[in-house]
Every structure is written in structure tokens, then in C-alpha cells.
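Observations on the model geometry
Each chain, letter by letter, is given below.
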Amino acid sequence: QVQLDESGGGLVQAGDSLRLSCAASVLTFSTYAMGWFRQAPGKEREFVAAISWSGGSTYYADSVKGRFTISRDNAKNTVRLQMNSLKPEDTAIYYCAAKRIYFGDSPLTTRTQYDYWGQGTQVTVSS
């Protein structure tokens, strides 16, 4: 079982930055592909960003490309999401997700590909 704990959410103004962190309680973190998703009120959970187990590949939703950066530190069992130039439409609960990988090194971009989820952290961007 993998436990994921997100942190770093908050209330900011449009144009500000936030950095989300996700700490994973697993010994083999370096074998897990990681992703960030978000869910706004009344909407489905959507993909934001993903990183392969090695950190060598990343993928972003078009809506955040150029503004958000996903990274990981396998020595600290942590994945981060740096969010710059935040917009009101970025307001949502942000979730960290994990999937153990046995073959290949590609980012995973759909909800159903992930096995483990955190509880989420709220990000609110005011205009």
C-alpha cells in the first residue's frame, strides 16, 4: 500500500505562484510513475501533469503547459508541482497519484492508469 500526502495548497491571487508537494510512503518510490490531477467543483477530475519513474519524461495538459513544472526527488520520495502565473480557472483540489512501473519509462496521463491517490490539497486563485 502506498500513502500519498499532498501539501502546499492555499489561496493566492491571479499571477502568483504556488508549489505543491506530494510525499510518498513507499520504499521503492523510484519505480513509481507519478502524476497530478485536479478537480474543480462540478467538474470531473482532470489530468494536469505527469512524470516517469526516472524523471526523464514529463507530460502536461495543454491548459498548464509553460506555466506548471512537475519534478521529482527519488531520494526524498517526493514529487512537486511548481505552478506559476496562476489563473482563477486553476482553482481546484489537486491530487497526487502513483503507479508502480515494471516496464518502460513513460508518463501516465489518464486517471485509470493510476493505482494510488492522495487526499488532495485545495488551490484557490482569486481574480
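Residues numbered from 1 in each chain as written. Predicted model: local features only at pLDDT ≥ 70, side-chain atom pairs only at ≥ 80, totals over all residues. Heavy atoms only, no water.

Here's the deal with the overall build of the protein chain
- A count of helical and extended segments in the protein chain gives 0 helices and 11 strands.
- Of the regular secondary structure in the protein chain, the N- to C-terminal order runs β-β-β-β-β-β-β-β-β-β-β.
- In terms of overall dimensions, the protein chain is globule-like: its C-alpha atoms have a radius of gyration of 14 Å, near the 14 Å expected for 127 residues.
- Structurally, the protein chain occupies a C-alpha span of about 45 × 25 × 25 Å along its principal axes.
- Counting only residues that meet the buried cut, the protein chain has 40% of its 127 residues in that class.
- In the protein chain, the proportion of contacts linking residues at least 24 apart, taken out of those at least 6 apart, comes to 61%.
- Of the roughly 6600 Å² of accessible surface on the protein chain, a fraction of 47% belongs to carbon and sulfur atoms.
- Once the 13 positive and 11 negative side-chain charges of the protein chain are each reduced to a mean point, those two points are 3 Å apart. (Helix = DSSP H or I, 4+ residues; strand = E, 2+ residues; numbered from the N terminus. Rg over C-alpha atoms; globule rule 2.2 N^0.38 Å. Buried < 20%, exposed > 50% of the residue type's maximum accessible area, 1.4 Å probe, protein only. Contact = heavy atoms within 4.5 Å. Areas by Shrake-Rupley, 256 points an atom, 1.4 Å probe, with all protein chains shown as cover. Lys, Arg positive; Asp, Glu negative; His and termini not counted. Charge placed at Lys NZ, Arg CZ, Asp CG, Glu CD.)

Let's talk about the sheet that holds strand β3 (residues 18–25)
- Reading across from one edge, β1-β3-β8-β7 is the order of the 4 strands in this open sheet, with antiparallel pairing throughout. The open sheet has two free edges, formed respectively by β1 (3–7) and β7 (68–73), since each of these has just one partner strand. Strand after strand, the sheet turns through a mean of 15 degrees between neighbouring axes, direction not considered.
- By the bridge criterion, 6 bridges tie β7 to strand β8 (residues 78–83) in an arrangement that is antiparallel. (Pairing = 2+ DSSP bridges. Axes fitted to C-alpha atoms, helices over the stretch in contact; angles between N-to-C directions.)

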